[in-house]
Structure formats: C-alpha cells, structure tokens
Amino acid sequence: MYKDSTNQTDISAKINTAILIIASGLIPLIVRVYPYSNEVLTGYAWFPDSAGLAIDSFLACKAVALQILMVIISALLIYRMSKKKMLPWRKCFVLPVIYLLFVILSAIASSHTEQAFKGSYERFEPVGVIVSYILIFYFAYSYIQDEKDVKRFITAMLPFYLILLLIGVMQGTGHDPFSFPWVKALITPEGLRDKTDISLMRSTGNTAYLTLYNENYLCMYFGLLIPVCISMFFAVNKHILKAAVLLITFISIYVLYCSGSASGWIAMGAAAIIVLLISVSESRKKLIVAAAVCLIIILLIPALSMVSDGIRSRITGFMHAGDDKREQMITDIDTLDDEVVFHISNGNELHCRFVLDTDGSIKNMQIRDQNGKEMWAYRENGVFSIFNREEYANPMAKGLPIGSEGLGVAVFIVDNCQWPVTNCTDGTYYYYTPAMKLDKFPDIKRAGFFSDGFMSGRGEIWDKALPLLSEYILVGEGANMFITAYPQDDYLHKTYKWGWAIGSIDVKAHSLYIGNWIENGMTAFLCMMAFFAYYIYDGAVTVRTLDHKNEKNRYISCVSAGMYTGCLSYMIAGLVNDSNVCTAPVFWTLLGISMALNRLCRFTKTL
C-alpha cells in the first residue's frame with residue numbers, strides 16, 4: 001500500500017487539502033462577468049451576428065480557475081516525481097489517460113480547434129478543463145490515505161457548502177442575491193458596470209440555481225452531496241454533530257426542491273436503491289426484503305400520481321413537456337436552383353417560382369401542384385393567395401424589401417407560418433433565416449425514438465443527436481463543439497415551435513454520454529464508460545462487505561457508502577444532464593476520494 005502520506009508534514013497536508021478544496025469548494029462559488037467573442041459562429045446561417053459578442057457570468061471564470069489549478073497540480077506531481085516519491089497507480093487509470101489522449105486529438109482535428117481549446121458559446125469546458133478533471137481525480141486518489149485525511153477534507157469543505165446553501169435558501173425564498181445591485185457591482189468589471197442590460201439572474205420566480213448557472217446543474221451537485229450528508233449522520237458520534245448534519249441535510253433537500261428539477265430526485269433515488277440492494281446482497285433474506293421495499297416505493301409514485309393532480313402534472317410535464325403541439329402540415333421544404341417546394345403531410349406539393357421587382361414586391365408568381373398543374377393565385381395589394389385549398393395549407397405570399405442592399409424576399413404564409421425565400425443573389429432559391437442570413441433548407445435526420453417533449457424537451461435533442469454518433473468513431477467534433485455538430489439549421493421544426501424567430505440554440509446534448517461521444521469520439525466515450533463501469537464494480541465489491549457496526553472503521557465505512565451513492569447518482573443524472581465546470585470538479589474530487597476509500601476499506605478489513 002502507498003504510504004507516502006504517513007510521513008507528510010502538516011504543511012504538505014494543508015497544501016493537498018487546499019488543492020482539493022479549491023477544486024470542489026471554491027471554484028463552484030466563482031462568479032464573474034466575462035465578455036467573449038463568438039466570431040467563428042457568426043459564419044453560420046443559424047447564428048445571429050448580434051450574438052458575436054456575448055457575456056458570461058457563471059462559467060468562464062470557473063474554467064480559467066480550473067486551468068490554473070491544472071498547472072499547479074501538474075507542477076506538484078512533477079515535483080513529487082523529481083523527489084523520487086512513489087505515486088500510486090492502478091491499471092484502470094490507463095482508461096482516463098487514453099480518454100484524455102482522444103480528447104486532445106479530437107480538439108486538434110476539429111474544424112474549430114481554437115474554440116475546443118478556449119471554450120465556445122455558453123460552453124466553457126475546453127481541453128484544459130477536461131485535463132484538470134482527471135488530474136483532480138488522481139490528486140484526490142493519491143492524497144487520501146487514512147481517516148484523518150477524509151475528516152480534514154470534509155471539515156474544510158463545509159464552509160463553502162454552507163455558503164452555497166445560504167444562496168440557495170435566499171433564491172428559494174425570492175431574494176436572489178444576484179438581483180442585488182451591490183452584488184452585481186462586486187462581480188462585474190468596472191468597465192462593464194454601466195451596462196444596464198447585464199443580467200446575472202438565470203431563473204425567474206423562486207427557483208434555486210446557486211452559483212451553478214441553472215437548476216439542472218444544481219440537481220447534479222446536490223445529487224452528489226446529499227448522500228454524503230446522510231452518511232455523515234451515521235458516521236459521527238456526538239448528538240450535537242448529528243443534529244447539525246441533520247439540519248444541513250434538510251436545508252439541502254429544501255434547496256433541491258426549490259430548483260424544480262426532477263432529475264436530481266430520480267438519480268438520487270435510483271442510486272440509493274442500487275446501493276441498498278448491493279449492501280444487503282450477501283444475505284438472501286435481507287435482499288428479498290430490501291427488493292420488496294424498493295418495489296413498493298417505485299410503485300408508490302404512479303399510485304400517488306393517480307390520486308394527486310399536482311404529482312401527476314409534475315410527472316407528465318417532465319416526461320412529455322411540449323408534446324401537445326399542433327400537427328405540422330409541412331413536412332419538408334426544398335430550396336432548389338429553379339424553385340422552392342413545400343411538401344404537405346397529405347402528399348401534396350407546392351412548387352413555387354417568382355420574380356421580385358426592384359422595390360422588393362413580387363412581379364409575378366407561378367405555383368404548381370405535384371403533378372405540374374398550375375394553380376391560379378388571386379392577387380390583391382401585392383399579396384398572392386390561393387383560397388379555400390386546405391389540402392395545400394392555404395398558401396399566400398407577399399414580397400418585402402429586406403436590408404439596405406435592396407435584397408427582396410417572398411414571404412410565404414403556409415400552414416399559418418411564415419417562410420421567407422429569396423432568389424435575388426445568384427438566381428437560385430434560398431431561405432432567409434431568423435438570423436437574417438441565407439441558407440438552403442437541410443435534410444434533417446432523426447432517430448425516431450423519442451417524442452419532442454420527452455424528458456422536458458430532451459427527446460427532440462436526442463432524436464436529432466443520435467444519428468450523428470456514426471460520424472464520430474475515432475475522433476469527435478472537439479470539446480465544446482456540440483453546437484456546430486448538432487443540426488441547428490432545423491428551420492422547419494423551429495418555425496413551428498418558435499415562429500420566425502431565433503428560438504433556442506442547442507449548445508449541449510443534455511446527456512453527458514451523448515455529448516461526450518459527439519465531442520470527443522466513440523473511443524473516448526468507450527474509455528470513459530469502461531472507467532465508470534470499473535468504478536461501479538469496485539465500489540459495489542466494497543459496499544457489499546462494509547461493516548458499519550465496527551466502531552473502529554464506522555466513519556470510513558459510512559462516508560465510503562455515501563460518496564459511492566453520490567458518485568453513482570451523478571453518473572445516473574448524467575444520462576439527462578451534461579458535464580459542466582460548475583459540478584464536474586466536485587464529482588471528480590469525490591470520485592478520487594471514493595476510489596481511495598474503497599482501497600482503504602478493503603485494507604483495514606484485512607488487518
């Protein structure tokens with residue numbers, strides 16, 4: 001067993017603790033207004049030039065701090081090796097090393113290498129940050145050698161956790177500190193303080209999001225730490241400490257409730273059930289009883305939804321939000337060289353050609369059906385209309401001048417939605433996007449597995465993201481660059497959802513695993529999954545043999561079970577949420593400590 005920490009000086013121990021606390025305690029607290037450029041993205045027809053300069057408050061400076069921490073940890077590890085101090089190593093650590101290799105290769109091979117190394121629009125998790133995660137994990141693993149190290153870490157972590165809880169309670173009670181003028185002045189650079197349009201608030205109402213950007217990140221954070229809080233209740237002996245831990249746990253649960261995020265509860269519940277079943281699996285009788293209790297709890301949720309309108313609406317809202325949209329009559333649009341074609345859901349087609357006058361009005365318009373038969377259009381005040389043809393979605397069109405260059409577009413109103421089209425550039429037909437740029441209508445591939453509203457709207461993203469996976473086998477699009485891989489140019493669907501407006505730009509996959517594959521490639525994804533699988537197995541072996549009744553090892557046993565449950569909860573929550581600079585440093589810190597505790601529990605059991 002690695003014994004380096006047995007002879008550590010107090011100064012060395014404090015430095016090691018400080019590194020882990022910076023990663024898991026201080027960095028999540030960092031909030032600072034940070035202006036940045038999106039000039040590369042303005043080259044895309046779906047991205048508005050007005051967003052070329054943007055402001056971030058909750059992510060960018062955390063990313064900068066993590067990359068500084070990466071350099072410090074690297075220097076410390078190099079120093080240790082120069083002193084010929086043996087560093088702990090396990091064969092499974094090869095997997096995150098290979099993972100990092102392909103993260104770097106994907107960034108280098110990316111068409112947006114600079115953004116993969118610097119960060120992109122609303123995403124600041126570049127290569128340096130991902131490297132910092134693995135270094136934080138390894139540093140945490142190498143540091144924890146005994147119970148004293150664990151207690152030192154938890155004690156030092158507590159003040160930072162309490163600060164976040166205070167912010168969460170304030171937000172949950174309608175007193176968001178980021179709405180206070182003095183807070184805004186404190187975290188805004190002097191040159192930007194007169195910008196009245198800078199808003200630091202990320203949510204409306206009494207929604208808690210702490211300093212973690214949004215409520216989904218909050219649910220991952222508390223999914224990690226609430227199980228640790230619960231485990232501390234059983235780990236400590238003094239009644240006053242138990243009371244304090246119980247109070248902190250209840251406040252944490254309250255703040256999680258105020259986030260309004262359901263995924264945190266689901267992930268924690270699933271993790272707790274798994275750990276419970278593992279812990280009693282050595283006894284067949286206990287396993288049967290535990291499985292029966294878990295089954296009753298699982299069945300209780302739909303039963304409660306049948307008698308409670310509030311619970312039912314919450315569940316259906318989470319699973320199928322937005323699925324009640326009206327039927328779309330237009331299934332596709334082709335912007336071809338000589339015409340624009342609207343495909344109707346009943347099999348009909350509108351083939352349209354037009355000539356625009358110098359003032360932007362339509363000089364003449366020709367509309368044919370799918371058989372080539374011309375359809376007569378009534379003209380009045382510059383508007384061409386085909387009345388009483390519901391089978392063709394009652395089309396009409398009007399010419400409008402757009403822009404100072406005299407560009408004209410024919411605005412088609414089909415199925416009560418507007419579709420601006422022009423042929424005033426090279427003579428071929430283009431769609432005039434909400435970003436006020438020209439583009440051809442794309443062919444969007446969908447997996448067909450999910451409804452759009454599934455899991456609070458994630459179904460739509462996943463359905464269009466899954467077909468992309470086959471394009472990223474060896475390397476991916478590059479860190480942060482899901483935004484350019486994903487079909488943001490799905491103008492048809494966005495028009496029905498938002499009207500002719502920008503709507504939302506999907507910058508992330510809303511799944512740690514799908515996003516990882518697309519950004520870093522299948523090989524990196526498989527390495528990460530194999531490493532997580534090893535950790536789950538390693539932790540299960542440990543949890544299965546923990547003896548919480550042994551007073552000598554009870555503290556380590558309880559904390560080990562709590563951290564394993566928290567890390568498992570984070571991995572489950574990752575199915576529907578992304579990795580991010582707000583919570584990932586906490587996860588990788590606890591993951592390293594948890595693996596060290598697994599090692600420590602097995603070692604103490606053999607003594």
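Rules used throughout
- The residue numbering used here restarts from 1 in each chain and proceeds along that chain's sequence as written.
- At least 70 in pLDDT is required for a residue's local features to be given in this predicted model, at least 80 for side-chain atom pairs to be given and counted, and no such filter applies to totals for whole chains, interfaces and linings, which use all residues.
- For the side-chain quantities, the full set of heavy atoms in the structure was used; hydrogens and water were omitted.
- Segments assigned H or I by DSSP are reported as helices when at least four residues long, segments assigned E as strands when at least two residues long, and all are numbered from the N terminus.
- Only protein chains enter the accessibility calculation, which uses a 1.4 Å probe; a residue is then buried when its area is under 20% of its type maximum, exposed when over 50%, and partly exposed in between.
- The Shrake-Rupley method, run with a 1.4 Å probe sphere, supplies the accessible areas, and residue values consider only the shown protein chains as cover.
- Between N-to-C directions, angles cover 0 to 180 degrees, with each direction set by a line fitted to C-alpha atoms, over the stretch in contact for helices.
- The handedness criterion is simple: a crossing whose near helix is rotated anticlockwise from the far helix by less than a right angle is left-handed, and one whose near helix is rotated clockwise is right-handed.
- Note on contacts: a residue pair qualifies if any of its non-hydrogen atoms lie within 4.5 Å across the two residues.
- For this classification, the nonpolar set comprises Ala, Val, Leu, Ile, Met, Phe, Trp, Tyr, Cys and Pro, the charged set comprises Asp, Glu, Lys and Arg, and every other residue, Gly included, is treated as polar.
- Nonpolar cores are built from buried Ala, Val, Leu, Ile, Met, Phe, Trp, Tyr and Cys residues. Side-chain atoms within 4.5 Å join them into one set.
- DSSP-based pairing: two strands are paired if at least 2 bridges between them are found.

Caption draft 1: Quick look at the overall build of the protein. Helix and strand content of the protein: 18 helices and 14 strands. Each of the 607 residues in the protein was classed as buried or not, and the buried ones make up 54%. Put simply, the protein shows about 27,600 Å² of open surface, and 63% of that area lies on carbon and sulfur atoms.

Caption draft 2: Representation of the packing of helix H1 (residues 10–26) against helix H5 (residues 127–143) in the model. For the pair H1 and H5, interaxial distance at closest approach is 10 Å and the crossing angle is 145°. Seen from above, H1 lies across H5 with left-handed handedness. In this structure, H1 contributes Ala 13, Asn 16, Thr 17, Ile 19, Leu 20 and Ala 23 to the contact, and H5 contributes Ile 136, Phe 139, Ala 140 and Tyr 143. Along the lines of polarity and charge, the residues of the contact of H1 with H5 split into 8 nonpolar, 2 polar and no charged.

Caption draft 3: Spatial organisation of the nonpolar core. Of all hydrophobic cores here, the largest spans 181 residues; its most connected members are Tyr 221, Phe 222, Phe 342, Phe 412, Trp 419, Trp 588 and Leu 591. Setting aside residues no more than four positions away along its own chain, Phe 222 makes contact with Tyr 161, Leu 165, Leu 210, Pro 227, Ser 252, Val 255, Leu 256 and Met 268.

Caption draft 4: Looking closely at the side chain of Asn 516. Within the secondary structure layout, Asn 516 lies in helix H16 (residues 512–545). A relative accessible area of 8% means that Asn 516 is categorised as buried. Setting aside residues up to four positions removed in sequence, Asn 516 forms contacts with Tyr 99, Gly 521, Ala 524, Phe 525 and Met 528.

Caption draft 5: Examining the pairing of strand E6 (residues 362–368) more closely. By the bridge criterion, 6 bridges tie strand E5 (residues 349–356) to E6 in an arrangement that is antiparallel. The partner of His 351 across the bridge, within E6, is Arg 368. Examined bridge by bridge, E6 and strand E7 (residues 374–375) share 2 bridges and lie antiparallel to one another. When the bridges of E7 are listed, Ile 367 appears paired with Met 375. Hairpin connection from E6 to E7: 5 residues lie between these consecutive antiparallel strands, with Gly 372 at a positive phi of about 85°.

Caption draft 6: The environment of Ala 596, seen in detail. As for its position among the elements, Ala 596 is in helix H18 (residues 584–606). In this structure, the C-alpha to C-alpha distance between Ala 596 and Tyr 141, residues 455 residues apart in sequence, is 5.1 Å. The residues touching Ala 596, leaving out its near neighbours within four places in the chain, are Tyr 141 and Ile 144.

Caption draft 7: Layout of the sheet that holds strand E3 (residues 330–335). In spatial order, the strands read E3-E4-E5-E6-E7; together these 5 strands make up an open sheet with antiparallel pairing. Two strands bound the open sheet, and with one partner strand each, they are E3 and E7.

Caption draft 8: Examining unusual backbone geometry more closely. Unlike most non-glycine residues, Tyr 213 shows phi in positive territory, near 80°. Mapped onto the elements, Tyr 213 comes out in the loop between helix H7 (181–187) and helix H8 (215–235). Owing to a relative accessible area of 6%, Tyr 213 belongs among the buried residues under this scheme.

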